[in-house]
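Next come the chains, spelled out residue by residue.
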Amino acid sequence: MMFDFVDGSAGSEFGTRRNEREIERIQLQPRVLVNVENRRLDTTILGKETSLPFGIAPMGMCDLTWPGADRMLAAAAVQHEIPLCVSSAASTTLEEMHRLTGGKAWFQLYVGQSREAAFDLVDRAAGAGYEFLVLTVDTPQVSRRIRDLKNGFQVPFRMGPRQFLDFACHPRWSLQTLMTGVPKPMNFETAQKSNAFARSESRGGTDWRFLDALRNRWNGKLIIKGVMSPDDAVGIRDAGADAVYVSNHGGRQLDSAPAAIHALPQIRAAIGTDTPLIFDSGLRSGEDIVKALALGADFVMLGRPLIYAIGADGARGLDSLIDYIAEDISITLAQIGRKAIGELDASVLADPTLLPPAPDSAPESGNSVIGKLRVEGR
Ligand SMILES: Cc1cc2nc3c(=O)[nH]c(=O)nc-3n(C[C@H](O)[C@H](O)[C@H](O)COP(=O)(O)O)c2cc1C
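Model, not experiment: these values are computed from the prediction.

Comments concerning the pairing of strand E6 (residues 132–136)
- For E6, a buried count of five out of five residues is recorded, marking the element as mostly surrounded by other parts of the structure.
- Note that strand E5 (residues 105–109) and E6 share three bridges and pair parallel. Bridging across to E6, Phe107 finds its partner in Leu133.
- After leaving E5, the chain enters helix H5 (residues 115–128) and then returns to the sheet as E6, a path that is right-handed.
- Bridge count for E6 against strand E7 (residues 221–227) is five bridges, and the pairing is parallel. What sits directly across from Val134, in E7, is Ile223.

Shown next as structure tokens:
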């Protein structure tokens, strides 16, 4: 049940496969006779230095997948000097996560039925010392995830014969979870104003007016997550957001959404080069990360792979996966004749024609998205 919660997606689950397949189709151009002995993976996002060009995407209820998962993610963020985005629905309070990451965490906000409760979380994040707030806007209603429905997975959790059998077949997970205590969405448990977390409640009231209100209330950096349309990205930039986070929630929301990697260059072309872009959805390797950075992302986030690693081998699994991906990025840079993250642009792609043309480009003029990116020097 817990594997399905992480691995599963909306509807027929074509969206997740499309994300991965379209990244796979993009090819990188090998280059030779460049001195690439010394390579660097550090970069900056919104003025903050990070050791690697990727961070940890917000994921709710992680401790259900393995006891202590939130703490493992926090420790990994500190050790590898990368940001961790703490979900509204985390199993550990936002204050504790801020402390555990030595201030490296970002806070992700979901806005449900109560604006008051949402602003309470925003004020708590400010009080705890968070500098980055990520508003997720691609979940007006949690989608139908067939595997969760089949497994009877729901929050708050309910135990029936089916779940009992599943847990009996996984004694190590069950005993550890019982010993540590069944995880709860702690930000809601500790809330002053409204402490009920209803996963399936509508978040459909999060609109442009709310964005304005949030921009007025939050003085730190504001990032809007779950953006797939160039028009939306331009509106979000104009509403005063500091960065746009391109994502289709890993295919967990709209099964028929385009591959997120295709939205990335189109959004970059639409908003120009001044607004930072963060990207996730379908990244599985260092080579994938290089492709996203080449297509206009300034920074990327990893989601499911980190939870798979924790599920496979706990903190040790998480640590080795991050090391492995960092090494993979470094080796990829060497193969394509680049020495630093800042050197990645569309010129590292072997076959730009694999990408769809920008919506406003005339095919006969050859004015492709890649062409635009090249002209703008990205
Ligand atoms: C188990 C799980 C929980 C998630 N919870 C949240 C969440 O609370 N808030 C949010 O903005 N995104 C959430 N996401 C989406 C991720 O932030 C990210 O967009 C997605 O995992 C990227 O797709 P990928 O993992 O296939 O690369 C969740 C994803 C997973 C797998």
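The discussion continues.
Thoughts on the site of the ligand
- Taken together, 22 residues form the shell around the ligand, and within it Pro58, Ser87, Thr136, Arg284 and Arg304 come nearest.
- His249 has a polar side-chain atom sitting 3.4 Å from a nitrogen atom of the ligand.
- Contact between the ligand and Arg284: an oxygen atom at 2.7 Å from a side-chain N or O atom of the residue.
- Per-class residue counts for the shell around the ligand are seven nonpolar, 10 polar and five charged.

A look at helix H14 (residues 304–335)
- For H14, which comprises 32 residues, the first-to-last C-alpha distance of 27 Å sits more than 12% below the rise-based estimate of 46 Å (1.5 Å per residue).
- A bend of about 135° at Asp313 is the largest found in H14.
- Gly337 sits one or two residues past H14 and shows a positive phi near 70°.

Side note on the pattern of salt bridges
- Going through the model one piece at a time under the given rule, you end up with 16 salt bridges.
- Between Arg284 and Glu20 there is a salt bridge, with its nearest N and O atoms 3.0 Å apart. One end of the pair, Arg284, is in the loop between strand E9 (277–279) and helix H13 (286–294); the other, Glu20, is in helix H2 (residues 14–25), with 264 residues separating them in the sequence.
- For the salt bridge of Arg215 with Asp242, the shortest nitrogen-to-oxygen distance reads 2.9 Å.

Topic: the packing of helix H3 (residues 69–80) against H14
- As a packed pair, H3 and H14 sit with axes 10 Å apart at the nearest point and diverge in direction by 5°. As far as their axial angle goes, H14 and H3 are roughly parallel. Note on element contacts: H14 touches H3 through Leu306, Ile310, Gly314, Ala315, Leu318, Asp319, Ile322 and Asp323, opposite Ala69, Met72, Leu73, Ala76, Gln79 and His80.
- Per-class residue counts for the contact of H3 with H14 are nine nonpolar, three polar and two charged.

Things to note about the state of the cysteines
- Scanning the entire structure with this criterion turns up zero disulfides.
- The thiol of Cys62 is unpaired, and the distance to the nearest cysteine sulfur, on Cys85, comes to 11 Å.
- Given the relative accessible area of 3%, Cys62 is considered buried.
- Judged by its relative accessible area of 1%, Cys85 falls in the buried class.

Regarding unusual backbone geometry
- Within the chain, Leu46 stands out as a residue other than glycine whose phi angle is a positive 50°.
- The residue Leu46 is located in the loop between strand E1 (43–45) and strand E2 (48–50) in this model.
- Look at Leu46 and you get buried, because its relative accessible area is 17%.
- Even without being a glycine, Glu81 presents a positive backbone phi close to 55°.
- Counting through the fold element by element, Glu81 comes out in the loop between H3 and strand E4 (84–86).

Some words on the environment of Arg115
- Tracing the sequence through the fold places Arg115 in helix H5.
- Exposure remark for Arg115: the relative accessible area of 37% places this residue in the partly exposed category.
- Spatially, the C-alpha atoms of Arg115 and Gly337 are 50 Å apart, while their sequence positions differ by 222 residues.
- Contact partners of Arg115, with chain neighbours within four places excluded, come to Gly205, Asp207 and Phe210.
- Of note is the side chain of Arg115, whose polar atom sits 2.8 Å from the backbone oxygen of Gly205.

Comments concerning the nonpolar core
- Membership of the largest hydrophobic core comes to 94 residues, with the highest contact counts inside it found for Phe54, Leu109 and Phe279.
- A per-element tally of this core places H14 first, with 11 residues.
- Non-local contacts of Phe54, meaning those with residues more than four positions away in its chain, are made with Ile82, Pro83, Ile289, Phe299, Val300, Leu302, Ile322, Ile325, Ala326 and Ile329.
- Counting 13 residues, the second largest nonpolar core, distinct from the first, contains Leu46, Cys85, Phe299 and Met301.

Analysis parameters
- Residues numbered from 1 in each chain as written.
- Predicted model: local features only at pLDDT ≥ 70, side-chain atom pairs only at ≥ 80, totals over all residues.
- Heavy atoms only, no water.
- Buried < 20%, exposed > 50% of the residue type's maximum accessible area, 1.4 Å probe, protein only.
- Helix = DSSP H or I, 4+ residues; strand = E, 2+ residues; numbered from the N terminus.
- Pairing = 2+ DSSP bridges.
- Right-handed = clockwise from strand over helix to strand, strands pointing away.
- Near = heavy atom within 4 Å.
- Polar contact = N/O pair within 3.5 Å; in protein donor to acceptor, adjacent residues only side chain to side chain.
- Nonpolar A, V, L, I, M, F, W, Y, C, P; charged D, E, K, R; others polar.
- Expected span 1.5 Å × (residues − 1).
- Bend = angle between axes of the 7 residues up to and from the residue.
- Salt bridge = Lys/Arg side-chain N within 4 Å of Asp/Glu carboxyl O.
- Axes fitted to C-alpha atoms, helices over the stretch in contact; angles between N-to-C directions.
- Parallel < 35°, antiparallel > 145°, perpendicular 65-115°, else oblique.
- Contact = heavy atoms within 4.5 Å.
- Disulfide = S-S within 2.5 Å.
- Core = buried A, V, L, I, M, F, W, Y, C linked by side-chain atoms within 4.5 Å.

From the geometry alone we can't say anything about function, so treat these as descriptive.
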